[in-house]
Amino acid sequence: MGRLKPQPSINAIEEEREDYEVNSSTKAALQCMINSEIGAMLAVMRRNVRWGGRYVSGDDQLEHSLIQSLKTLRRQIFSWPQDWQSVNPVMYLQPFLDVVRSDETGAPITGAALQSIYKILTLDILNVNTVNIEGAMHLVVDAVTSCRFEITDPISEEVVLTKILQVLLACLKGKASVVLSNEHICTIVNTCFRIVHQAGTKGELLQRIARHTMNELIRCIFSHLPDVDHTEKSLVKGGNSFKNKIPGVDADCNIGKSTENGSGPPDCVGQLSSGVLNSGSYGLVSRPIDENNSRTENGKYMLPYDMHLMAEPHGLPCMVEIFHFLCSLLNVVEHNGTGSGANSIAFDEDIPLFALDLINTAIELGGAVIRHHPRLLSLVQDELFQNLLQFGLSMSPLILSTVCSIVLNLYQHLRTELKLQLEAFFSCVILKLTQSRYDASYQQQEVAMEALVDFCRQKTFMVEMFANLDCDITCGNVFEELANLLSKSAFPVNCPLSSMHILALDGLIAVIQGMAERIGNGSVSSELNPLNLVEYTPFWMVKCENYGDFEHWVPFVRKRKYIKRRLMIGADHFNREPKKGLEFLQGTHLLPEKLDPQSVACFFRYTAGLDKNLVGDFLGNHDEFCVQVLHEFAKTFDFQDMNLDTALRLFLETFRLPGESQKIQRVLEAFSERYYEQSSQILANKDAALLLSYSLIMLNTDQHNVQVRKKMTEDDFIRNNRHINGGNDLPREFLSELYHSICKSEIKTTPEQGAGFSEMTPSRWIDLLHKSKKTSPYIVTDSKAYLDHDMFAIMSGPTIAAISVVFDHAEYEDVYQTCIDGFLAVAKISACHHLEDVLDDLVVSLCKFTTLLNPLSVEEPVLAFGDDAKARLATVTVFTIANRYGDFIRTGWRNILDCILRLHKLGLLPARVASDAADDSEMSSDPGHGKPLTNLMSSTHVQTAGTPRRSSGLMGRFSQLLSLDTEEPRSQPTEQQLAAHQRTLQTIQKCHVDSIFTESKFLQADSLLQLARALIWAGGRPQNGNASPEDEDTAVFCLELLIAITLNNRDRIGLLWPGVYDHIANIVQSTIIACALVEKAVFGLLRICQRLLPYKENLADELLRSLQLVLKLDARVADQYCDQITREVSRLVKANATHIRSSVGWRIIGSLLSITARHPEASESGFEALSFIMADGAHLSPANFVFCIDAAKQFAESRIGQVDRSVHAVDLMTGSSVSLIQWAKDAREAMAESESEKLFQDIGDMWLRLVQALRKVCLDQREEVRNHALLSLQTCLTGMDEIHVPVGLWPQCFEMVVFSLLDDLADIAQGNAQTQKEYRNMEGTLVLSLKLLHKVFLHRLRELYESPGFCKLWRNMISRIEKYMKLKAKKTEKLQELVPELLKNTLVVMKTKGILTPTTTLGGDNVWEQTWLSVNKTFPSMQSEVFPNEDSHSNQPELTKSRTQK
C-alpha cells in the first residue's frame, strides 16, 4: 500500500527471472575485482602501525578482526562454486561495511572501504533476483549512514564525506534500490542533508557535491511518484510515532521536525535524528531533536506513518516524510524575518534557497500526480504555500525567483487544487512587490514582473484567473488587477524606457496574443446575450450544473461577473448613502423587494469595497432588523477548529468595531454565539465565549495602546478570566496561548478599507484554508475564446495606451516590432468581438505615430518619412488594419483618411487609388476614350483655377526628386536621400491604400457608411473664391474616392446614395464659377447614373432625379461644361435607354437634351442622343413620348446648326406617330377593355401634344421648316385613324391647333414690315395651311359632325376661310384662287355625305342655315353652284316662317 508500482524494466526482473548466468570469464573477473579491492584495502590499513599485527604468549599471531575478516573473504572468494547470483552479497560486503562502521579506522581507511562498496554497487552485480538482496541493501544503508572514523585532517574528512554521498546515491540509482524500505530512504536523505549542512564549514567542492547529491536523491525518489499506487490506507489513526519499534534499528527514520517555535540551534536544522553518529571528533555531528510532538507551527498535526508501512519497500510514505521535511526547512528560518520589516538580506538565504530548489525538483517530477495523494497535496496546499507567501516577500532576488518558479510549476500541475492559494500569491506577493506603495527594491520588482510575464505566457492563465477569481464574488479581481499592473508598469513616467517597461509590455502583449490565437479556435460569439436579472435570486447561491461543460460554466461565470459588477456599483451607492445603496440593489433584483436579514448580511459579507465604518454602524445598530442582520452576518463565517483569537481577528476584519459599548456587546454576542456553535471543545457555553472575547478585546487595547503604560501580564490575564467557563477555569495553557498571540499580533479593530488584503497573516491563512474547502471548483479552460470578449473589454483601453506610450518612447526596432505585434493583435481581437470603439481608439493612436498628421515643418517631408522607421512601421500597420479589419472601423476612418490625404499632398499615392473595379473593363471597351474624360478635364480646369497639379503616383514623385530644373539647377540627391526615398516608396507599396476603396464592396454596411461620411467630412465644402488650391485639390480627391466607393458598391447604393447626393448637391449649388471640384461633382454624378442604372432599376428614378442638379448649375458654369455634359448624357442614354422606364427619369433627360438645342457646341451631341431615342421609335415609350416631343420641338425651332437638322427634328416628331399607332394596336390585342380605354385616352393626349408641338414649329421663320412642319402636321392629323382619337378631342384639336395656327399665320402675313422681312414667302405657307384645314376637315368630317359642337366648329371654319379670302397681304393671288375652290369642295363633300341638306329647322345648330348665312355674304354664287337645282329664294319664306314660329 502506497508503494511503487513495478516499472517496465523492473517487471522484467520480478515477473520473469532472467537466465542470467555469469560465464567463467565474467565470474573470474568479478572474483578478481573483489580480490583486488581486498588487497587495496589491506594495503591502506597496513600503512598504520595500529594494524600491523599483535603477538601474545607463544608463537601465535593474532590479527585485528577487521583484517581477519578481509583475509577470510580473500580465501573464500575463489572457492565459491555457486552461480554468482546465488551468492549472498552480505558475504563479500560485510568486511567492507565493518570497516565503515568501525570507529577505530581513520579517514583514509574508511574512504577506501567506501570506494570498494561504491565499485561493487555500480557494477550491476546486485539486482532484485540476487539472494538476500534486501538484507544486503539494508546493511549497506545502515553502515554507511552510521559511518564512523577518526578525523586526521580536513581534506581526508571531506574525501570520506564525498564517498559517503557517492555510495548513498548509488544505492538509490541501482537496480536493487526498489527493495529499500521507506525507513532507509528517509535515513539516506537525512544523512545526505547532514553532510550538506556540515559542508558549510568545509571546502567549496564538498558543498557543491553534497548539494548536487541531495538534488539527485530527490530526483530519484520523486521520479517514482507517478508509479505509486493511489492509496492512502497507510495513515495511522493515532498520533504515536514508530520510533524504536523496529527490532535491531536504533534510528528514528522519521524526518525530524523543527521545534515548535522554529528556533532550534543552527547546527541541527532539519536533521533526521538518527542518533547513530557520535559527536565529537568523529564524522557528522548529530544532535537529536524532540520529535514526540509532531505538531506543526500553525497548530495542525502531521500524522506519521506506522511502523509496518515504514518498513515496507519504499513508496509514498517516504515521499510524504521527505517533502514534509523540505517544507520544515522553510519554517526554521521564518523567525529571521522575510517580510518588509527586514532592512536587508538579514538572514542566511542558503538554507531556504536550497530547500526551495529541492521542493521545486520534487514538484517538477511529481507533477499532477500529487493531487492523487491527499497527504502530499495537503502539504502543498497548506505548509508549502504558506511558506511560499512568506518567502515571496524576501529581500533576496534569488529566493523570490525560486518561489515564483515553484508557484509556476504548481500552477501548471495543481492549479485546480490551489485556487485560493494562487489568488493569495498574486495579491500578497506579485501585486504587492510590483506596486510602488510597497517599498520593494528594483531587483524585487523586476523578478516579480518576470514571474508575472511567465504566467502571462501560459495561454490559459489569464482566462482562468478571470473565470475563477474575477467572476467569483468571494474573490478579488486578480485578472483585472494584473492587467492594470502590466499596463501601468509599461508606462515610462518622466523617465526613459527601461527593461522593466519592456518586460511589462511583453507580458501585456503575451496576454493579448493569447486572445488573438484563440480566435481561430472557434466558440467566438460576436453578439453576447445581454445579462439582466429579471427576478430576485440569492446571488450567493448561484450554482453551475456542470463545471466541465462550457455550455454551462460560461453563462454561469458571466452571470457571476455581472452580479459582482452590480454589487460593486451597489457598494458605491451604499458608501454614499446606505439606504439608496440597498434600494439600488433591490432595483437590480440582487436584494428582494422586501429586505430580509440574510440577503443584507450576505451583501455585507461578500461585497468588496464597502465602507467598513458604515457596515460596523449598521451591524451595531439596536434596530431589530439590524440585529437580525448581525446574527445572519455571523453565520456566514466558518470558525470550525479555529482558535478564538483567530476567529475574532477574521470576524473583526470585515467591518470596523463600533466605539459604543452597547454596540460592541451586540457584535460580540453574535460572534460568540457563532463561535460556540462550531468550536465548543473547550468552552462550556456561549457566555464563556462572550466573556473571553471581551477579555481579548480589553487585552488587545491594553497591549497595543501607547497611552497605557502599565501593561497587563500573563498572570493578570489568567486571573481576570477565572471561573468564566461555566463557573470553572479555562486551561492555563489555552489562556497563555491566547495571551501571547494577542501580544505578538494586534487585533485590528479598525481594519483597512478596500478590497483584498496585502499581507497574509496566520489568521487569514487559516480562513483561506477553510474557504478553499467550500469554494467552487476550479474551472480549467481550453483554447477556445469563451470569455475573451468580456476580458478584452476590461483591458483594451489601458493596453492600447500602454503599447502606444512604449512605442512612442522606443528607440530600437525590436521594441517597435513588439509593439506592432501588439497593435495587430488588439485589432484582430477588436474586430472578432465587434468592439468597434476599441478599434477606433487603436486607429487614432496609431495614426499619431505615422507623422502624417503633423504639420509639414520639415523641408523634405518625404525624405524625413523615409528616415523614420517608427513612422513607416506605424503607417504600414494603420493600413494593414484598415484592409484586414475595415469592417469594424467606424470613426477611425477619419484619421485614416487624414493620412491618405497627406500622402496625396506629398504625391506618394499610387495613380489608381481612386479607381473603381470596373475602370479597366470600361476603358478597354471604349477605344475612343483611352483617357477618361473627367481626368482630362480635371487637369485642364484645375490649372485654370490656379491649382498646381503635383505628379501623381510613386514614379512621378521619384522623377521629381531626380529631375534637374533647367532654370534653377538642383544638386544631385545623395545616396542617403535616394535610400530614404526608396524606403518611402516601399512603405507606401506595402500599405495597399488602393485596396481600401477597390475592396470596399466587401465592407460591412456600417463601416462602409462611416467611410463615406469620413470622405464627405474630409472633403469639406470649400467656399467660392475662398478655398486655397490645396483645399480644393483635397476636396476633389475626396470626391473621387467617394465616387469610387459608390461605384464599387452598386449593390448597396441605397445605403450610400443619400449622403453622396447631398454632398454633390452642396458642391453644385454653392458654386458659381467653374472649377475642378464642381466638374468632378457633375461628371461623377453622371458617371454614377450611367454605371448604376442597368443594375438598380428600383433606384432609377432617384438616380435620374439627381440629374436635376445639372439643371441647377449656375449659368456660367453650365455654359462652360454644356458640351461635355451633353456627351455624358448622350452616353448615358445610349447605354441605359432600355433601363429608364418612368416618366420622372425621362423628364430629366428630356430637359437636359432640350437645353442643349440652343448651345452651339452641345446641340450636335444632344440631337444625336435625341435621334437615338426617337428614330424608328426604337426607344420611345409612353413614359418618354411627351418629353421627347418637347425636346424635338426645341431642336426644330433652334436656329443653331443647319436647317436640315430642324427638318430632321420635325421628321422625328412625325415619325413618333407610328409608335402611337403601334401602342394602340397592342392595347387592343393584349389589354382588357378597361385598361385599354385608359391607354387610348393617354395616347390621345400624347397625340394632341404632338400636333400642338408641330403647330408651334409651323410658325418658324424659316420657310423650309414651317412648310415641312405643316405637311408633317397634316400627316399627323390625317394619318391617325388607327389610334381612335376620342370624338370629343377633335373639336378641341381644331380649336387649339388648326384654327389657332391659321390665325397666327394670318397675323404674321399681315404683320409689319419687320415681320414681313423675317417671314418670307408666306403665301405658300398660307396655301398649305388652308389645304391642311380642308383635308383634315374632310378626313375627319364624320367624327366632327357627330360631335356636339359641330355647328360651332363649322362656323369657325367658315370664318377662317372668309378671313383668308379677305387677307390683306402681298402676293395673295394664289390664295384668292384657292379659297373658293377649297370651300366649294368642302360643301360638295358635305352635301354628298348628307350633312349639308336643306332643312326646315331654324336655330344655331342648323348647318344649312349657318352655312349659307355666312357663305352667301362672301361667295353669293356658291350655293347655286353647289345646289344648282335648289331655288334659293323659294326657301326664303320657309326660313322666315321658321324664324316666326320660333
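Residues numbered from 1 in each chain as written. Predicted model: local features only at pLDDT ≥ 70, side-chain atom pairs only at ≥ 80, totals over all residues. Heavy atoms only, no water.

Trainee: If you had to explain the overall build of the protein to someone new, which residues and values would you point to?
Mentor: Of the regular secondary structure elements, the protein holds 63 helices and two strands. When each of the 1446 residues of the protein is scored for burial, the buried share is 54%. Across the protein, the fraction of contacts at a sequence separation of at least 24, relative to all contacts at a separation of at least 6, is 77%. When the accessible surface of the protein is split by element, carbon and sulfur atoms take 49% of a total near 62900 Å². (Helix = DSSP H or I, 4+ residues; strand = E, 2+ residues; numbered from the N terminus. Buried < 20%, exposed > 50% of the residue type's maximum accessible area, 1.4 Å probe, protein only. Contact = heavy atoms within 4.5 Å. Areas by Shrake-Rupley, 256 points an atom, 1.4 Å probe, with all protein chains shown as cover.)

Trainee: Could you give an account of the packing of helix 43 (residues 1029-1048) against helix 44 (residues 1053-1069), naming the residues involved and the relevant values?
Mentor: Contact geometry of helix 43 with helix 44 gives a least axis separation of 10 Å together with a crossing angle of 155 degrees. Relative to helix 44, the element helix 43 is oriented roughly antiparallel. Classified by chirality, the crossing of helix 44 by helix 43 is left-handed. Residues Leu1039, Leu1042, Ile1045 and Thr1046 of helix 43 lie in contact with helix 44, whose contacting residues are Ile1053, Leu1056, Val1060, His1063, Ile1064 and Ile1067. Grouping the amino acids of the contact of helix 43 with helix 44 by side-chain chemistry returns eight nonpolar, two polar and no charged. (Axes fitted to C-alpha atoms, helices over the stretch in contact; angles between N-to-C directions. Parallel < 35°, antiparallel > 145°, perpendicular 65-115°, else oblique. Left-handed = near helix turned anticlockwise from the far one by under 90°. Nonpolar A, V, L, I, M, F, W, Y, C, P; charged D, E, K, R; others polar.)

Trainee: Tell me about helix 13 (residues 374-391), and name the residues and values.
Mentor: For helix 13, built from 18 residues, the straight-helix expectation of 26 Å at 1.5 Å per residue is met to within 8% by its first-to-last C-alpha distance of 24 Å. Its axis deflected by about 35 degrees at Leu384, helix 13 carries its strongest bend there. (Expected span 1.5 Å × (residues − 1). Bend = angle between axes of the 7 residues up to and from the residue.)

Trainee: Residues and numbers for the packing of helix 25 (residues 644-652) against helix 29 (residues 732-744), please.
Mentor: Helix 29 packs onto helix 25 with a crossing angle of 40 degrees between their chain directions and a minimal axis gap of 9 Å. Considering the angle they form, helix 25 stands oblique to helix 29. Between helix 25 and helix 29, the contacting residues are Leu644, Asp645 and Arg649 on the first element and Leu738, Ser741 and Ile742 on the second. Looking at the contact of helix 25 with helix 29 residue by residue, the classes come out as three nonpolar, one polar and two charged.

Trainee: Please give an account of the environment of Arg890 that cites residues and values.
Mentor: With respect to the element layout, Arg890 can be found in the loop between helix 35 (869-885) and helix 36 (892-905). Arg890 sits in the buried class, given a relative accessible area of 12%. Each C-alpha atom, one on Arg890 and one on Asp1006, is 7.4 Å from the other, the two residues being 116 residues apart in sequence. Filtering out sequence-adjacent residues up to four positions away, Arg890 remains in contact with Glu836, Asp840, Gln1004, Asp1006, Ser1007 and Gln1010.

Trainee: Would you mind going over the packing of aromatic side chains in detail, with residue names and values included?
Mentor: For the structure shown, the criterion picks out 46 aromatic pairs. For the pair Phe193 and Phe325, a centre-to-centre distance of 5.2 Å together with 85 degrees between the ring planes defines the contact as edge-to-face. A residue pair is termed long-range when its members are at least 10 positions apart, and Phe193 in helix 8 (residues 182-198) and Phe325 in helix 11 (residues 316-332) qualify at 132 residues. A relative accessible area of 3% means that Phe193 is categorised as buried. Geometrically, the ring pair formed by Phe603 and Phe604 is tilted, given 5.7 Å between the ring centres and 40 degrees between the ring planes. For the pair Phe603 and Phe604, a shared accessibility class is recorded, and that class is buried. Here the aromatic residues Phe633, Phe637, Phe639, Phe651, Phe655, Phe671 and Tyr675 are joined through ring pairs into a cluster of three or more. The aromatic ring of Phe637 is capped on one face by Arg605, whose charged end is 3.8 Å from the ring centroid. Over the ring of Phe807 we find Lys870, and its NZ or CZ is 5.9 Å from the ring centre. (Phe/Tyr/Trp six-rings, centres within 6.5 Å; stacked < 30°, edge-to-face > 60°. Lys NZ or Arg CZ within 6 Å of the ring centre and 35° of its normal.)

Trainee: Please set out the confidence of the model for the protein residue by residue, giving values where relevant.
Mentor: When pLDDT is averaged along the protein, the result is 80, and 82% of the positions lie at 70 or above. Note that residues 55-60 has pLDDT below 50 and, in this model, three contacts with residues that lie over four places away or in other chains. Across residues 335-347, where pLDDT falls below 50, the model places 20 contacts with residues more than four positions away in sequence or in other chains. (pLDDT = per-residue confidence, 0-100.)

Trainee: So, the environment of Ser378: which residues are in play, and what are the values?
Mentor: Topologically, Ser378 is positioned in helix 13. The exposure class of Ser378 is partly exposed, given its relative accessible area of 39%. Considering only alpha carbons, one finds Ser378 and Glu417, 39 residues apart in sequence, at a separation of 9.7 Å.

Trainee: How would you summarise the pattern of salt bridges if you had to cite specific residues and measurements?
Mentor: Within the structure shown, the criterion is met by 40 salt bridges. Two residues, Lys580 and Glu577, come together in a salt bridge whose shortest N-O distance is 3.8 Å. Residue classification places Glu577 among the partly exposed residues on the basis of a relative accessible area of 36%. Residues Arg983 and Asp867 are paired through a salt bridge, measuring 2.8 Å at the closest nitrogen-oxygen approach. Taken together, the residues Arg983 in helix 40 (residues 975-991) and Asp867 in helix 34 (residues 861-867) connect sequence positions 116 residues apart. Here the residues in one salt-bridge network are Lys419, Asp472 and Arg560, joined through shared partners. (Salt bridge = Lys/Arg side-chain N within 4 Å of Asp/Glu carboxyl O.)

Trainee: Hey, could you go over the environment of Ile109 for me, with residue numbers and the actual values?
Mentor: Within the fold, Ile109 resides in helix 5 (residues 107-121). In this structure Ile109 comes out as buried when scored by relative accessible area, which is 5%. When the C-alpha positions of Ile109 and Phe96 are compared, they lie 10.0 Å apart, and in sequence the two are 13 residues distant.

Trainee: Describe unusual backbone geometry, with residues and values.
Mentor: Non-glycine residue Asp641 carries a positive phi angle of around 60 degrees. Positive phi values are uncommon outside glycine, yet His834 reaches one of about 60 degrees. Here His834 is to be found in the loop between helix 32 (813-832) and helix 33 (836-849). Residue His834 is classed as partly exposed on the basis of its relative accessible area of 29%.

Trainee: I'd love a proper account of the side chain of Thr654, names of residues and values included.
Mentor: Tracing the sequence through the fold places Thr654 in the loop between helix 25 and helix 26 (661-678). At a separation of 2.7 Å, a polar atom in the side chain of Thr654 contacts the main-chain carbonyl oxygen of Phe651. Contact partners of Thr654, with chain neighbours within four places excluded, come to Arg605, Lys612, Phe633 and Phe637. (Polar contact = N/O pair within 3.5 Å; in protein donor to acceptor, adjacent residues only side chain to side chain.)

Trainee: How would you sum up helix 27 (residues 686-704)? Please name residues and give values.
Mentor: If you check helix 27, its first and last C-alpha atoms are 27 Å apart, about what 19 residues at 1.5 Å a residue would give, namely 27 Å. For helix 27, the full list of buried residues reads Ala688, Ala689, Leu690, Leu692, Ser693, Ser695, Leu696, Ile697, Leu699, Asn700, Asp702 and Gln703. Two or three places before Asp687, at the start of helix 27, stands the capping residue Asn685, its side-chain oxygen 3.1 Å from that residue's backbone nitrogen.

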